[in-house]
There are 2 protein chains.
Amino acid sequence: MNKEQEICNHALGLFAHYGYRKTTIEDVADAMGMTKSNIYFYFKNKQDLYEKTVAGALSGWRDSVAEAVAAEQDVVEKFRVMAYRSFEYLRAHSDLRTILEKDPGIFTLTPSEDRFREVNMGAMEILKSIIEQGIKENRFHRVDVQHVTEFLFSVYIMFLIRAYVKSEGSTVATMYEEGVELAVRGLRK
Amino acid sequence: MNKEQEICNHALGLFAHYGYRKTTIEDVADAMGMTKSNIYFYFKNKQDLYEKTVAGALSGWRDSVAEAVAAEQDVVEKFRVMAYRSFEYLRAHSDLRTILEKDPGIFTLTPSEDRFREVNMGAMEILKSIIEQGIKENRFHRVDVQHVTEFLFSVYIMFLIRAYVKSEGSTVATMYEEGVELAVRGLRK
DNA sequence: TATTTGAACAAATAATACAAATATTCAAGT
DNA sequence: ACTTGAATATTTGTATTATTTGTTCAAATA
C-alpha cells in the first residue's frame, strides 16, 4: 500500500472520531509516526487530505456494491443486492458512516455543488445500468431512465443517511425494505 | 380574523425573509403597528410565536391538500392529486417554502423530536387513508400500511424540500413526476 | 375586563483586543 | 525522493465591554 493511502486510512479514523475541525494535521502525522510538515509532501493542504480521504472511502463503498451486483445475473436480484449491500456496507464501516453523519454535504445531490461528483456519479451509474438492463430484457417498464435513476438514487441516499443519523434503527430498516420492494414492483412489468 | 392570526401572518413573512434569529419581536410589532410588549399579550415568548406561526402555515397546507383529495373518488387519482396539490401549494406559497428551507428540522420524521407532530401526523394520515382505501377496494397490494406510509411520506417531503432549495427547477419536477408514477405502479395491482 | 404601553431588567449577541493553537511554507538535511 | 525543524501566516480561543434584543410588569387606556 502506498503512503498516501496509508495516511488516508489513519486520517479516516481521526476525522470520524474528532471531526474535520478538531482533527489536526499533527494528529494525523503522529498517527503515522512522522512530522506534520511531511504531510504536505503528500497532500496540498488539510482540505485536500480530507477530500482524498473521503473520496477513497466512498470509492471502496461503491466498489463493494459494484462487485456484489456483478455477481448476480437476474436484474431484479441485482437491484435488491445493490440496495441491501449498500446498507450492509455502511453498517459495517462505522468510520465512513460517522463521517457521512458529520458532513451531510458529502451528498449534495445538486451536481454542481457535489464535492465528490466523480465517485457519486459512479455509484449512480450502477443503478442506471441495472434499470437499462431491465428495460432491454423487457422486464422493466420503459421509464425515463435518467430521471428515474436520479429519483431512486436520491431516495436511496436519503435512507442510508437517515438510517444512521439517529439510531432510528429497525423502524427505518423496515421502511427501507418496504421501499425497495415498492420500487421493484414499480419498475417491474 | 382574530389578532393572533393577524400577527402570525405578518410574522410568517418576516421569519421567511430574515430567519428566526434575525427577526425581532419589535419587527413583528412594528409590522402590526403595536409595541413589542403587546406581542406578549398574545404569545408566551418568541419561540411560541414562531411555532404557532409555522403550525398555522402547515395546517393551511394540509387543509388545502385534504380538500383536493376529498374531491376525488378514484383512489389512484386521490394519490396523484395529493402528490401534485402539495407541490403546487408550495410553489404558490413562497413564505412557507422559504421557512421550510431555512428550518429543515420542521420535518424531523423521528416522531419524538417532531415540533409539529400534530399537524404532520394529520398530513401523513391523508396518505395513509388513501393507501388503506386502495387495499380495501382491492386495487393496491396488501403492503405494510404503516411502513409504506412512512416511507412514501418521507420521500414526498424530501422532494418537496429539494425541489425548492435551489432552483433545480424543472429537473426535480420531472423526477418527482416519475417518482409519483413509480409509486403508483408499486402500489397498484 | 380586555388591550396596550413605557420603563426596567435579564439574556443574548456583537465588537474588540490579546493569547494560544494550528496550518502552511521553506531552506536544509538524510 | 523523502523528511525535518524552524519560521510565518491563519485560525481559533478567551476575556472584556458595549449594544441589541427578549421578557416582565405596573400603570394607562379603551
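Coordinates for the structure precede this section.
Quick caveat, the model's predicted, so the values are computed rather than measured. (Residues numbered from 1 in each chain as written. Chains lettered and ligands numbered in written order. Predicted model: local features only at pLDDT ≥ 70, side-chain atom pairs only at ≥ 80, totals over all residues. Heavy atoms only, no water.)

**Focus: the overall build of chain A**
Moving on, step 1. If you tally the helices and strands in chain A, you get nine helices and zero strands.
Moving on, step 2. Overall, chain A is about 60 × 30 × 30 Å in size when its C-alpha atoms are taken along their principal axes.
Moving on, step 3. When each of the 189 residues of chain A is scored for burial, the buried share is 49%.
Moving on, step 4. The contacts in chain A between residues at least 6 apart in sequence include a share of 64% that link residues at least 24 apart.
Moving on, step 5. If you sum the accessible surface of chain A, you get close to 9300 Å²; carbon and sulfur atoms cover 50% of it.
Moving on, step 6. The positive charge centre, built from 25 side chains, and the negative charge centre, built from 28, are 2 Å apart in chain A. (Helix = DSSP H or I, 4+ residues; strand = E, 2+ residues; numbered from the N terminus. Buried < 20%, exposed > 50% of the residue type's maximum accessible area, 1.4 Å probe, protein only. Contact = heavy atoms within 4.5 Å. Areas by Shrake-Rupley, 256 points an atom, 1.4 Å probe, with all protein chains shown as cover. Lys, Arg positive; Asp, Glu negative; His and termini not counted. Charge placed at Lys NZ, Arg CZ, Asp CG, Glu CD.)

**Here's the deal with the protein's contact with DNA strand C**
Moving on, step 1. Within the structure, DNA strand C sits among 17 residues, and A:Tyr40, A:Lys46, B:Lys3, B:Ser37 and B:Tyr42 are positioned closest to it.
Moving on, step 2. Restricting the count to atoms of DNA strand C within 4 Å of the protein gives a sugar and phosphate share of 62%.
Moving on, step 3. One of the backbone N or O atoms of A:Ile25 is found 2.9 Å from a phosphate oxygen in DNA strand C.
Moving on, step 4. Between DNA strand C and B:Tyr42 there is a distance of 2.5 Å, counted from a phosphate oxygen to a side-chain nitrogen or oxygen.
Moving on, step 5. Secondary structure elements with two or more residues in the surface near DNA strand C: helix 3 (36-42) of chain A together with helix 1 (3-22) and helix 3 (36-42) of chain B. (Near = heavy atom within 4 Å. Polar contact = N/O pair within 3.5 Å; in protein donor to acceptor, adjacent residues only side chain to side chain.)

**A short note on the protein's contact with DNA strand D**
Moving on, step 1. The immediate surroundings of DNA strand D are formed by 17 residues, with A:Ser37, A:Tyr42, B:Ile25, B:Tyr40 and B:Lys46 found nearest.
Moving on, step 2. If you look at DNA strand D and keep only atoms within 4 Å of the protein, 57% of those are sugar or phosphate atoms.
Moving on, step 3. Within the contact set of DNA strand D, a base nitrogen lies 3.3 Å away from a side-chain nitrogen or oxygen of B:Lys36.
Moving on, step 4. When contributions to the surface near DNA strand D are tallied by element, the ones reaching two or more residues are helix 1 (3-22) and helix 3 of chain A together with helix 3 of chain B.
Moving on, step 5. It is helix 3 of chain A that contributes the most residues to the surface near DNA strand D, four residues altogether.
Moving on, step 6. A breakdown of the residues in the surface near DNA strand D according to their chemical character gives five nonpolar, seven polar and five charged. (Nonpolar A, V, L, I, M, F, W, Y, C, P; charged D, E, K, R; others polar.)

**Overview of the nonpolar core**
Moving on, step 1. Membership of the largest hydrophobic core comes to 135 residues, with the highest contact counts inside it found for A:Trp61 and B:Trp61.
Moving on, step 2. Setting aside chain neighbours within four positions, we find A:Trp61 in contact with A:Ser86, A:Tyr89, A:Leu90, A:Leu96, A:Leu100, A:Phe107, A:Tyr156 and A:Leu160. (Core = buried A, V, L, I, M, F, W, Y, C linked by side-chain atoms within 4.5 Å.)

**So, the pattern of salt bridges**
Residue and element names in this part refer to chain A.
Moving on, step 1. Considering all chains together, one arrives at 14 salt bridges over all chains under this definition.
Moving on, step 2. Notably, a salt bridge pairs Lys52 with Asp48, separated by 3.3 Å at the nearest N-O pair. Here Lys52 pairs with Asp48, and both are found in helix 4 (residues 46-70), just four residues apart, close to one helical turn.
Moving on, step 3. If you follow the salt bridges from partner to partner, you end up with Glu77, Arg80 and Glu181 in one network. (Salt bridge = Lys/Arg side-chain N within 4 Å of Asp/Glu carboxyl O.)

**Notes on the packing of helix 4 of chain A against helix 5 (residues 75-92) of chain A**
Residue and element names in this part refer to chain A.
Moving on, step 1. Across the interface, helix 4 lies against helix 5 with an axial gap of 9 Å and an inter-helix angle of 145°. Here the hand of the crossing between helix 4 and helix 5 comes out right-handed. Along the contact surface, helix 4 presents Ala57, Gly60, Trp61, Ser64, Val65, Ala68, Val69 and Ala70, while helix 5 presents Lys78, Val81, Met82, Arg85, Ser86, Tyr89 and Leu90. (Axes fitted to C-alpha atoms, helices over the stretch in contact; angles between N-to-C directions. Left-handed = near helix turned anticlockwise from the far one by under 90°.)

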